Amino acid sequence: VETRRRAYANALGALRNAARLLAEAAPLDATPVTPFVERRRRQLSTAATRLALRLVETDEAAAADESLVEEVLVVACATCSNCFDADGPAELLAAARRRAARDPAAAWPQIQIYNAVLSALEVAGRSDDASRLLAQMDPAAFDAATYNICLKVCAKNGDVRKAWEVLDQMAASPRLDPDVYSFATAIRACCRPSPTRRANPARALDFLRRAFHADAVNNVTLRTALRACVGAPSDPSPTAADAEYAFAVVDLARRHDLPLPDFDKETAFRMRQAAKLGPSTAGPLTRTAFDAAKRYLFDHFDDRRRRNARPAPTPPGAARPPRHR
């Protein structure tokens, strides 16, 4: 059994490393994907699925070790995820459930296996299948990884209401609290998920207030909230009402004494354009708060300009500082 354990672990480890390298060389959004890459993806995911199925269904001696079976299934699902294959993990989960049916007293499959399958479904873009699987699971068994995968599914679907409910469930759990990654992922649900949908900057501001209350804000959280207000560089220009919410985000950072993140050129341009418009009567900020946020933003721009400025050249004939080896 120990020899088989090492053989399964070594084989799956090699498959996982190969799939990771393949995923880095040819990500899902890469265009075009060559036939060679497609063929390699199918070969790796098929090999990982067959190897795991052999252990779960046929190799009774090695399969007596629950920890080995769980490790093999998780690694096989990760391999399929790196190959953007969701059918293999679904097949593995079905095999794990059939195996668990032989022993009704066993607390199996473990949540780690479900997380690996959910992650593969989410990476492959099958958010509906991931949502259906989540509905079949017991929320009492969820861990932080499960909730964060739920939030990633909500972000892809633009489901703001469900993302808020997931954060409520995490906060109600006695052993889990939403972290920085959880809030940043939830705010992504407020961004413009597709050309046919609008962003929801008002709800993004609510998420950000909640993140500040939980002390779970960093540069990624702020940048994501601003993205929900002014859009990505590839999105159309925001409306004046949406752009005004960006200054509410800046005002929150100012009041909590949190430095602003660096912006790309397009985002900085959109923020400058929004600053020219000023606050509206129905906006989230008063004139005083808007002006304070505007000063805070332009101070950030000035600091960034000073950091990126090149040193003045040494005038001819001036003493140069000594050069040390």
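Note: the structure precedes this text.
My aim in this report is to walk through the structure given alongside it, one point at a time.

Rules used in this analysis
- Residues numbered from 1 in each chain as written.
- Predicted model: local features only at pLDDT ≥ 70, side-chain atom pairs only at ≥ 80, totals over all residues.
- Heavy atoms only, no water.
- Helix = DSSP H or I, 4+ residues; strand = E, 2+ residues; numbered from the N terminus.
- Buried < 20%, exposed > 50% of the residue type's maximum accessible area, 1.4 Å probe, protein only.
- Polar contact = N/O pair within 3.5 Å; in protein donor to acceptor, adjacent residues only side chain to side chain.
- Contact = heavy atoms within 4.5 Å.
- Salt bridge = Lys/Arg side-chain N within 4 Å of Asp/Glu carboxyl O.
- Axes fitted to C-alpha atoms, helices over the stretch in contact; angles between N-to-C directions.
- Parallel < 35°, antiparallel > 145°, perpendicular 65-115°, else oblique.
- Left-handed = near helix turned anticlockwise from the far one by under 90°.
- Nonpolar A, V, L, I, M, F, W, Y, C, P; charged D, E, K, R; others polar.
- Phe/Tyr/Trp six-rings, centres within 6.5 Å; stacked < 30°, edge-to-face > 60°.
- Expected span 1.5 Å × (residues − 1).
- Arc of directions from axis to C-beta.

## Here we look at the side chain of Asp235
Relative to the assigned elements, Asp235 resides in the loop between helix 12 (219-230) and helix 13 (240-255). You can call Asp235 buried: its relative accessible area is 17%. In this structure the side chain of Asp235 is engaged in a polar contact, spanning 2.9 Å, whose partner is the backbone nitrogen of Ala232. With near-sequence residues (within four places) excluded, Asp235 lies in contact with Arg192 and Arg270.

## Considering unusual backbone geometry
Non-glycine residue Asp215 carries a positive phi angle of around 55°. The residue Asp215 is located in the loop between helix 11 (201-213) and helix 12 in this model. Even without glycine at this site, Asp257 takes up a positive phi of about 55°. Along the chain, Asp257 turns up in the loop between helix 13 and helix 14 (265-277). For Asp257, a relative accessible area of 65% gives the class exposed.

## A word on the pattern of salt bridges
Enumeration according to the criterion identifies 18 salt bridges in this entry. Among the ionic pairs, Arg210 bridges to Asp168, the shortest N-O distance being 2.7 Å. You can see Arg210 sitting in helix 11 and its partner Asp168 sitting in helix 9 (residues 160-172), a full 42 residues away along the chain. On the accessibility criterion, Asp168 (35% relative accessible area) is partly exposed. Notably, a salt bridge pairs Arg254 with Asp251, separated by 2.6 Å at the nearest N-O pair. Taken together, the residues span about one helical turn, with Arg254 and Asp251 both in helix 13 at a distance of 3 residues. On the basis of relative accessible area, Arg254 is assigned to the partly exposed category, the value being 29%.

## Some thoughts on the packing of helix 6 (residues 111-123) against helix 8 (residues 144-157)
One can describe the packing of helix 6 onto helix 8 by two numbers: an axis separation of 10 Å at closest approach and a directional angle of 20°. Classified by the angle between their axes, helix 6 and helix 8 sit roughly parallel to one another. Our pair here, helix 6 against helix 8, has a crossing hand that is left-handed. Contacts from Ile111, Asn115, Leu118, Ser119, Glu122 and Val123 in helix 6 reach Ala145, Thr146, Ile149, Lys152, Val153 and Lys156 in helix 8. For the contact of helix 6 with helix 8, the class distribution of residues is 6 nonpolar, 3 polar and 3 charged.

## Brief notes about the packing of aromatic side chains
Aromatic rings in a pair are described by how distant their centres are and how their planes are angled relative to each other. Taken as a whole, this structure holds 5 aromatic pairs when the rule is applied. On the numbers, 5.3 Å between centres and 75° between planes, the contact of Phe142 with Tyr147 is edge-to-face. On the basis of an interplanar angle of 90° and a centroid distance of 5.8 Å, the ring pair of Phe298 and Phe301 is categorised as edge-to-face. Residue Phe298 and its partner Phe301 are located together in helix 15 (residues 287-308), separated by 3 residues, close to a single helical turn.

## Here's the deal with helix 8
Within an α-helix, residues lying three or four positions from one another point in the same direction, as the helix has 3.6 residues per turn. A rise of 1.5 Å per residue sets the reference length of helix 8, with its 14 residues, at 20 Å; its end C-alpha atoms lie 20 Å apart and thus fit the reference within 8%. For helix 8, a buried count of 10 out of 14 residues is recorded, marking the element as mostly surrounded by other parts of the structure. Residues of helix 8 that are buried: Thr146, Tyr147, Asn148, Ile149, Cys150, Leu151, Lys152, Val153, Cys154 and Ala155. If you follow the buried residues of helix 8, they end up packed against helix 6, helix 7 (127-136), helix 9 and helix 10 (180-188). In the segment just after helix 8, Gly158 is the residue with positive phi, at about 70°.

## Observations regarding helix 9
Taking 1.5 Å as the rise per residue, helix 9 with 13 residues should run 18 Å; its terminal C-alpha atoms sit 19 Å apart, in good agreement. What helix 9 keeps buried is the set Val160, Ala163, Val166, Leu167 and Met170. Taken around the axis of helix 9, the buried residues stretch over an arc of 120°, which confines them to a single face. Looking at helix 9, the residues exposed on the side facing more than 90 degrees away from the buried face are Arg161 and Ala172.

None of the figures reported here should be taken as evidence of function without further support.
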